[in-house]
Amino acid sequence: MRILHLSDTHNLHRELKNLPKADLIIHSGDISSSGEGNEVMDFIDWFTHLDYMYKIFIAGNHDFCLEEKDREIIQEFLHKNCYYLDKSGVEIENIHFWGLPFFFSDDISGMYDKSIKQIPFNTDILITHRPPFQILDIAGKINYGCTNLLKKVIDIKPKYHLFGHIHDSYGIFDNKTTIFANSSIVNDDYKISNHPFVFEYL
């Protein structure tokens, strides 16, 4: 399966032209800028009409209108074969995907760490918004990644871990067990400067 991954488009999704062909497109959060409902609905309209067989997206910290919203209700707005993941998973062509959004309130309350523990061991592709600690997570010489998330990834060994959040750390890292990808499309000035990554899942 050919997989296209992007993240952190911050309401600039309609400026993306000639996206690479793939079987599945994944967006790992910060689909909006101010987190308002009309921005999210515009993204959903754009995303669901893209010419990909399968589509997956999760929420990032900017997408706070999705916080505490029932995933099943949001799913009702989506076309067939388009999935919104919120501490949940989906199996597509025998590949197990798990999506974990990131909201600051969950981090403060401790809910985020509890959600990390719920990530299944059979996860093939993990989609989070926040990066793991010390992997493509540096901005201004500070590591903004999550240590508990790193421990979980090391433990369950997904084939891919896809995320964004830290615009300055766009790139790919392979530790020979998991391929990590920070596919932030915008830079620190919130301008489009990066390309999505394409992977062949064999």
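The rules we used
- Residues numbered from 1 in each chain as written.
- Predicted model: local features only at pLDDT ≥ 70, side-chain atom pairs only at ≥ 80, totals over all residues.
- Heavy atoms only, no water.
- Helix = DSSP H or I, 4+ residues; strand = E, 2+ residues; numbered from the N terminus.
- Buried < 20%, exposed > 50% of the residue type's maximum accessible area, 1.4 Å probe, protein only.
- Contact = heavy atoms within 4.5 Å.
- Areas by Shrake-Rupley, 256 points an atom, 1.4 Å probe, with all protein chains shown as cover.
- Lys, Arg positive; Asp, Glu negative; His and termini not counted.
- Charge placed at Lys NZ, Arg CZ, Asp CG, Glu CD.
- Salt bridge = Lys/Arg side-chain N within 4 Å of Asp/Glu carboxyl O.
- Pairing = 2+ DSSP bridges.
- Axes fitted to C-alpha atoms, helices over the stretch in contact; angles between N-to-C directions.
- 1 Å grid on protein atoms, 1.4 Å probe; cavity = no way out; pocket = protein on both sides within 12 Å on 5 of 7 lines; lining within 4 Å.
- Points joined across faces, edges and corners; volume = space filled by probe spheres on them.
- Nonpolar A, V, L, I, M, F, W, Y, C, P; charged D, E, K, R; others polar.
- Polar contact = N/O pair within 3.5 Å; in protein donor to acceptor, adjacent residues only side chain to side chain.

Student: Which parts of the structure should I look at to understand the overall build of the chain?
Tutor: Helix and strand counts for the chain come out as 5 helices and 13 strands. Overall, the chain is about 35 × 35 × 30 Å in size when its C-alpha atoms are taken along their principal axes. Looking at the chain residue by residue over its 202 residues, the buried ones come to 55%. Look at the contacts in the chain between residues 6 or more apart in sequence, and 61% of them connect residues 24 or more apart. When the accessible surface of the chain is totalled, it reaches about 9,600 Å², and 51% of it is carbon and sulfur. Distance between charge centres in the chain, computed from 19 positive and 29 negative side chains, equals 5 Å.

Student: Please explain the pattern of salt bridges as it appears in this structure.
Tutor: In a structure, side chains of opposite charge can pair up when their charged atoms sit close to one another. Within this structure, the stated rule accounts for 6 salt bridges. Arginine 14 is paired through a salt bridge with aspartate 45; the nearest N and O atoms lie 3.0 Å apart. Here aspartate 45 lies in helix α1 (residues 37–48) and arginine 14 lies in the loop between β1 (2–6) and β2 (24–27), a separation of 31 residues in the sequence. Note on arginine 14: relative accessible area 38%, which makes it partly exposed. Assessed through its relative accessible area of 39%, aspartate 45 is described here as partly exposed. One salt bridge connects glutamate 72 with arginine 71, and the closest N-O pair in it is separated by 3.3 Å. Note on glutamate 72: relative accessible area 45%, which makes it partly exposed. On the basis of relative accessible area, arginine 71 is assigned to the partly exposed category, the value being 25%. Within the structure, one salt-bridge network assembled from shared partners comprises Arg14, Asp42 and Asp45.

Student: Explain the sheet that holds strand β7 (residues 125–128) to me, please; I cannot follow it from the model alone.
Tutor: The strands that make up a sheet are held in pairs by hydrogen bonds between backbone atoms, and each pair lies either parallel or antiparallel. Spatial strand order, β5-β6-β7-β10-β12-β11: 6 strands in an open sheet with mixed pairing. If you trace the sheet from one side to the other, it starts and ends with β5 (88–92) and β11 (171–174), each paired once. Along the sheet, successive strands turn relative to each other by an average axial angle of 15°, direction set aside. Direction of pairing for β5 relative to strand β6 (residues 95–100): antiparallel, over a ladder of 5 bridges. If you follow glycine 89 over to β6, its bridge partner there is tryptophan 98. Sheet strands touched by helix α5 (residues 147–156): β7, β10 (160–163) and β12 (179–182). Its angle to β7, the strand with the most contacts, is close to 170°.

Student: Please explain the layout of surface pockets as it appears in this structure.
Tutor: A probe as big as a water molecule, rolled over the atoms, marks out the empty space that is left. Here the largest pocket is characterised by a volume of approximately 230 Å³. Along the lines of polarity and charge, the residues of the lining of the largest pocket split into 6 nonpolar, 5 polar and 5 charged. Estimates place the volume of the second largest pocket at around 200 Å³. In terms of lining, the second largest pocket is formed by Leu16, Asn18, Leu19, Pro20, Lys21, Ala22, Trp46, Leu50, Asp51 and Tyr52. Looking at side-chain class alone, the lining of the second largest pocket contains 7 nonpolar, 1 polar and 2 charged residues.

Student: Got a minute to help me understand the side chain of threonine 128 in this structure?
Tutor: Assignment of secondary structure puts threonine 128 in strand β7. Given the relative accessible area of 0%, threonine 128 is considered buried. Polar contacts involving the side chain of threonine 128 include one to the main-chain carbonyl oxygen of arginine 130, which spans 2.7 Å. Residues within four places of threonine 128 in sequence aside, it is in contact with Ser28, Ile58, Leu100, Leu149, His161, Leu162, Phe163 and Gly164.

Fair warning: the whole summary comes from geometry, so function is off the table for now.
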